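Structure at a glance
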Amino acid sequence: MKKVLFASTALIATAGVAAADVSFGGYGRFGVLYIDGATPETRLESRFRMNIDASTESDGGVKFGARVRMQADDAGTAAGVAGLNAPRFYLTTGGLTVAAGNILGALDSMPGLYAGSIGLSGLGYSNVVTNFGSVTYSSTGAGNNGVEVIYSSGAFGAHLSYGDSVIDRTEVAVSYSMNGWTVAAGFQDSNAASYAEWVLTAGGKVGNVGLGLAVAQDNNSNTSATLSASFAVGAATTVSAYVASDEAQATKEAYGIGVSHSLGGGVSIVGGVVDTHGTTRADLGVKFNF
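What you see is a predicted model; the values in this text were computed from it and never measured.

What counts and what doesn't
Residues numbered from 1 in each chain as written. Predicted model: local features only at pLDDT ≥ 70, side-chain atom pairs only at ≥ 80, totals over all residues. Heavy atoms only, no water. Helix = DSSP H or I, 4+ residues; strand = E, 2+ residues; numbered from the N terminus. Rg over C-alpha atoms; globule rule 2.2 N^0.38 Å. Buried < 20%, exposed > 50% of the residue type's maximum accessible area, 1.4 Å probe, protein only. Contact = heavy atoms within 4.5 Å. Lys, Arg positive; Asp, Glu negative; His and termini not counted. Charge placed at Lys NZ, Arg CZ, Asp CG, Glu CD. Salt bridge = Lys/Arg side-chain N within 4 Å of Asp/Glu carboxyl O. Patch = residues over 30% accessible without salt bridge, like charges linked within 9 Å, V, L, I, M, F, W, Y side chains within 5 Å. Areas by Shrake-Rupley, 256 points an atom, 1.4 Å probe, with all protein chains shown as cover. pLDDT = per-residue confidence, 0-100. Phe/Tyr/Trp six-rings, centres within 6.5 Å; stacked < 30°, edge-to-face > 60°. Core = buried A, V, L, I, M, F, W, Y, C linked by side-chain atoms within 4.5 Å. Pairing = 2+ DSSP bridges.

1. A closer look at the overall build of the protein
A tally of regular secondary structure across the protein gives 1 helix and 18 strands. Over its C-alpha trace the protein gives a radius of gyration of 20 Å, about what one expects of a compact globule, namely 19 Å for 290 residues. Principal-axis analysis of the C-alpha atoms gives the protein an extent of 65 × 45 × 40 Å. A burial count over the protein gives 37% of its 290 residues as buried. Considering only residue pairs separated by 6 or more positions, the protein has 44% of its internal contacts joining residues 24 or more positions apart. Considering the protein, the positive charge centre built from 15 side chains and the negative charge centre built from 22 side chains are found 9 Å apart.

Shown next, in the form of structure tokens:
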């Protein structure tokens, strides 16, 4: 992320007030996406994402900040128009962060939840066992207007969040890392039947192979599970794969394989093919970070 430091005229003229720190960063991607049965089945896929972060620090050493995101996704047969989402506000001191607004959410931030994500676009994200039935940061909308508390100390992490977007949702997640492996557990109190009730994840490496396991159950007692793996092929290429099962789907099984090849400078060629509960999806394109 490239960082630009702005000191406004007003701040310069005010003695004893620190300059605000404003940074810009994100990524772009573009390529071809295929979805079996869609109209059209093959189309261009693209995304532009720019994070705008602003922060300052009080005399007592507490950091105050906010983030808004500008994002444009293709609209199927048309190019997407960029727009801003709702902001997330936060303060942080030591290992403690308190945030409000368009929050991240405890379950959606769990280590290992997105393990196995492949392709340029995620290709349906059937590897994500919560089925996005939790508080989630909105890249293009208003979000949940919730509040969250995040704490980390050494190998231990904890996250408590409350989000209210029509449905009240209280979530808690804890994680611990040891000897290169991380385990996490999350729980959610919600009255929505399709929302995740509990989630467990574990991930680490055996030799040069990364392994991940995630299991969740929703309020209807439907269980979903994903086993994922990734390994390097040479110095610049990574192959990833997953197999998943979800009792909430008519076709329970899903699986996929993808590849990412680095061209250096934050640029990669990325692609994959998946069967997402009976629907074949594939993509190939370029992603670049800035």
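2. Quick word on the environment of Phe89
With respect to the element layout, Phe89 can be found in strand β6 (residues 88-93). A residue is classified by how much of its surface remains accessible, and Phe89, at 47% relative accessible area, is partly exposed. Along the primary structure Phe89 and Gly26 are separated by 63 residues, whereas in three dimensions their C-alpha atoms are 19 Å apart. Here Phe89 is in contact with Gly65, Ala66, Val98, Ala99 and Ala100, once residues within four sequence places are set aside.

3. Some points on the environment of Gly146
Of note, Gly146 is situated in strand β8 (residues 146-153). The class for Gly146 is buried, based on a relative accessible area of 9%. On a C-alpha basis, the gap between Gly146 and Ala99 in space is 8.3 Å, while along the polypeptide they are 47 residues apart. When sequence neighbours within four positions are dropped, the list of residues in contact with Gly146 reads Ala99, Ala100, Gly101, Ile103, Tyr162 and Gly163.

4. Digging into the pattern of salt bridges
In this structure the tally under the stated criterion is 5 salt bridges. The closest approach of N and O atoms between Asp74 and Arg43, which form a salt bridge, is 2.3 Å. Remark: Arg43 occurs in strand β3 (residues 42-57) and Asp74 occurs in the loop between β4 (63-73) and β5 (83-84); sequence separation between them is 31 residues. Classification of Arg43 by relative accessible area gives partly exposed; the value is 24%.

5. A short note on a negative patch on the surface
The grouping of Asp164, Asp168, Asp189 and Glu197 at the surface amounts to a negative patch. Inspection of the secondary structure puts Glu197 in strand β12 (residues 196-206). A relative accessible area of 32% means that Glu197 is categorised as partly exposed.

6. So, the confidence of the model for the protein
Per-residue confidence for the protein gives a mean pLDDT of 92, with 93% of residues at or over 70. Predicted confidence is poor over residues 1-17, with pLDDT under 50, and the contacts of this stretch with residues over four places away or in other chains come to 26 contacts.

7. Considerations on the packing of aromatic side chains
Going through the model one piece at a time under the given rule, you end up with 5 aromatic pairs. Taking the centre distance of 5.8 Å and the plane angle of 20 degrees together, the rings of Phe48 and Phe290 count as stacked. Here Phe48 is found in strand β3, whereas its partner Phe290 is found in the segment after β18 (279-289), with 242 residues between them in sequence. Using a relative accessible area of 26% as the deciding quantity, one classes Phe290 as partly exposed. Through a chain of ring-to-ring contacts, the aromatic side chains of Phe48, Phe288 and Phe290 assemble into a single cluster.

8. Some remarks on the nonpolar core
If you look at the biggest cluster of nonpolar residues, it comprises 12 residues: Ala106, Leu107, Met110, Leu113, Val128, Val129, Ala173, Ala184, Ala196, Val199, Ala214 and Ala216. If you list the elements that add at least two residues to this core, you get β12 and β13 (209-218). Discounting residues that sit within four places of it in the chain, Leu107 has contacts with Leu113, Ser134, Glu171, Val172, Gly186, Phe187, Gln188, Ala196 and Val199. Residues Leu33, Tyr242, Ala244 and Val274 belong to the second largest nonpolar core, which totals 8 residues.

9. A closer look at the pairing of β3
The side chains of a regular strand alternate between the sheet's two faces. In this sheet, β3 lies alongside strand β2 (residues 21-35) in antiparallel orientation, the contact comprising 14 bridges. What sits directly across from Phe24, in β3, is Ile52. Where β2 hands over to β3, the hairpin turn is made up of 6 residues, of which Gly37 adopts a positive phi near 90 degrees. Here 11 bridges tie β3 to β4, and the two strands are oriented antiparallel to one another. When the bridges of β4 are listed, Met50 appears paired with Met70. Hairpin connection, β3 to β4: the antiparallel pair is bridged by 5 residues, and Gly61 has positive phi, about 90 degrees.

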